[in-house]
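Listed below, chain by chain, are the residues.
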Amino acid sequence: MKSLPAELHAKPAAPATLFQYIFQNIFPVIMLVRLYVSGLPGAIVEQLRNPNPINLINPLHWKQLAFNHGFSSILAVADEMYKDMKTPLLQGAYGRVLEVGAGAGNSVGYYDQSKIERLFCLEPCAPLREKLIARLERVGLAKKTTVIPVGLDAQSRHALLEAGIEPESLDTIVLFQVLCSVPNPKAHLEFLQSLLKPGGQVIVFEHVGSKHGFTRTIQNIWNPIWSFNFGGCDINRDSGDWLRDIGGWKQIDLKRPVHETTAEFLPHDIGRLVKA
């Protein structure tokens, strides 16, 4: 695999300015507004197509519909922001590949198809899965891909086996902004590692908890609101550390974007780990 993008480094995050701290506290508000502005039209259409008096007055139902129809726009924003970092990472995927939480398929166009023997995509959300399947068709990967309509939990392991994913059967596992919303993620990391062949790799692009006390406090304050509105996404998980700490790796190369400062609301761990 090529070296990690130049936009990444292993140095400590740069000290933030007052303006950067202010902006990072406005950022979650911007994302919440974007989610519901993007999702509300689709939610209205769905309510009209399936009229139900109880659903019409149920704010939680409205919230879920708005999330279902608006979350893909949030994923698209993140994809546009980070595509220059994502591309070289995903170009290094090879062999039998499992992408956990493939979402609307924002990543599938970045794979080097000549290196992909078989692609397995886990995605439990039906509206996102529809977009994923359509994108696989557009980029020409549909015939090489098995879409598995489950998330990563104890019940999904049987579905993986049925799809032909057995212990030590995968060359690459892709984790792109998914560990934030996987229930009990620490319980699943060793399982994912067990699916890799020796020498197989995990490619990681995860937002994680801040290492800086003030910003971490801000994350902790925002987390219940963020998680409630963004499908259970937790912004204060140390996913990169958890993955590193399970051991059994012969190579670990995790870095962060150069532009991130100590105020970053969604700092990242990006890179890959290779199984011993």
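Counting from 1, residues in each chain are numbered in the order their sequence is written. Local features in a predicted model are, by the rule used here, given only for residues with pLDDT of at least 70; side-chain atom pairs are given and counted only at 80 or more, and totals for whole chains, interfaces and linings are based on all residues. Working from all heavy atoms in the structure, the side-chain values ignore hydrogens and water.

- Per an unreviewed UniProt entry, the protein goes by Phospholipid methyltransferase and derives from Moesziomyces aphidis.

**Comments concerning the side chain of Q219**
Part 1 of the reasoning: Helix and strand definitions here come from DSSP, where helices need a minimum of 4 consecutive H or I residues and strands a minimum of 2 consecutive E residues; each element is numbered from the N-terminal end. Summarising the element assignment, Q219 is placed in helix α7 (residues 213-229).
Part 2 of the reasoning: Owing to a relative accessible area of 0%, Q219 belongs among the buried residues under this scheme.
Part 3 of the reasoning: The contact criterion used throughout is that any non-hydrogen atoms of two residues lie within 4.5 Å. When residues no more than four places from it in sequence are discounted, the contact partners of Q219 are V208, G209, S210, I235, N236, F265 and P267. Think of it in three bands: with a 1.4 Å probe and only protein chains considered, a residue is buried below 20% of the maximum accessible area for its type, exposed above 50%, and partly exposed in between.

**Focus on the nonpolar core**
Part 1 of the reasoning: Throughout, nonpolar core names a set of buried Ala, Val, Leu, Ile, Met, Phe, Trp, Tyr and Cys residues whose side chains join them through atoms within 4.5 Å. In this structure, L98, I173, L175 and L195 are the most contacted members of the largest nonpolar core, which totals 26 residues.
Part 2 of the reasoning: With four residues, the single largest contributor to this core is helix α6 (residues 185-195).
Part 3 of the reasoning: Setting aside residues no more than four positions away along its own chain, L98 makes contact with F120, L122, I165, L170, T172, I173, V174, L192 and L195.
Part 4 of the reasoning: Residues Y82, V97, Y110 and L141 belong to the second largest nonpolar core, which totals 22 residues.

**Observations regarding the pattern of salt bridges**
Part 1 of the reasoning: Salt bridges are defined by distance alone: a side-chain nitrogen of Lys or Arg within 4 Å of a carboxyl oxygen of Asp or Glu. In total, this model carries seven salt bridges according to the counting rule given.
Part 2 of the reasoning: Note that D241 is salt-bridged to K211, the shortest N-O span being 2.2 Å. Taken together, the positions of D241 in helix α8 (residues 239-245) and K211 in the loop between β6 (196-207) and α7 put the pair 30 residues apart, joining distant regions of the chain.
Part 3 of the reasoning: Across the pair D234 and R237 runs a salt bridge, and its minimum N-O distance is 3.0 Å.
Part 4 of the reasoning: On the basis of relative accessibility, which here comes to 12%, the residue R237 falls in the buried class.
Part 5 of the reasoning: Among the ionic contacts, a cluster of salt bridges with common partners joins K211, D241 and R244.

**Points about the layout of surface pockets**
Part 1 of the reasoning: Buried and open spaces are told apart on a 1 Å grid over the protein atoms alone, a cavity being a set of points where a 1.4 Å probe fits but cannot get out and a pocket being an open set with protein on both sides within 12 Å along at least five of seven lines. Residues with an atom within 4 Å of a point are the lining residues. Grid points are joined across faces, edges and corners, and a volume is the space filled by probe spheres set on the points. Here the largest pocket defines a volume of roughly 1,100 Å³.
Part 2 of the reasoning: Lining of the largest pocket is provided by 50 residues; of these, F71, L75, Q177, C180 and H207 occupy positions nearest its centre.
Part 3 of the reasoning: Mapped by element, the contributors of at least two residues to the lining of the largest pocket are α1 (18-49), α3 (59-91), β2 (95-100) and β6.
Part 4 of the reasoning: Here the element with the most residues in the lining of the largest pocket is α3; it accounts for 10 residues.
Part 5 of the reasoning: Lys, Arg, Asp and Glu make up the charged group, whereas Ala, Val, Leu, Ile, Met, Phe, Trp, Tyr, Cys and Pro make up the nonpolar group; the residues left over, Gly among them, are polar. When its residues are assigned to classes, the lining of the largest pocket shows 29 nonpolar, 14 polar and seven charged.
Part 6 of the reasoning: The calculated volume of the second largest pocket comes to roughly 310 Å³.

**A closer look at α3**
Part 1 of the reasoning: What the bend at a residue measures is the angle between two axes, fitted to the seven residues ending there and to the seven starting there. At Y82, α3 shows its largest kink, close to 75°.
Part 2 of the reasoning: Here a polar contact is recorded for every N or O atom pair within 3.5 Å, except that within protein the pair must consist of a potential hydrogen donor and a potential acceptor, and residues adjacent in sequence are included only if both atoms are side-chain atoms. At the N-terminal boundary of α3, the capping side chain belongs to N58, with an oxygen 3.0 Å from the backbone nitrogen of L60.

**Structural notes on the environment of L196**
Part 1 of the reasoning: With respect to the helices, strands and loops of the structure, L196 is situated in strand β6.
Part 2 of the reasoning: Separated by 137 residues in the primary sequence, L196 and P59 have C-alpha atoms spaced 43 Å apart.
Part 3 of the reasoning: In this structure L196 touches E168, L170, D171, T172, I173, Q201, V202, W249 and K275, once residues within four positions along its chain are discounted.

**Brief notes about the sheet that holds strand β7 (residues 249-257)**
Part 1 of the reasoning: Between any two strands, at least two bridges found by DSSP are needed for them to pair. Taken in spatial order, the eight strands make up an open sheet running β1-β7-β8-β6-β5-β2-β3-β4, and their pairing is mixed. In the strand order of this sheet, the two ends are held by β1 (8-9) and β4 (145-148), each with one partner.
Part 2 of the reasoning: Of the strand pairs in this sheet, strand β3 (residues 116-122) and β4 are connected by four bridges, and their pairing is parallel. Bridging from a neighbouring strand, L122 pairs with I148 of β4.

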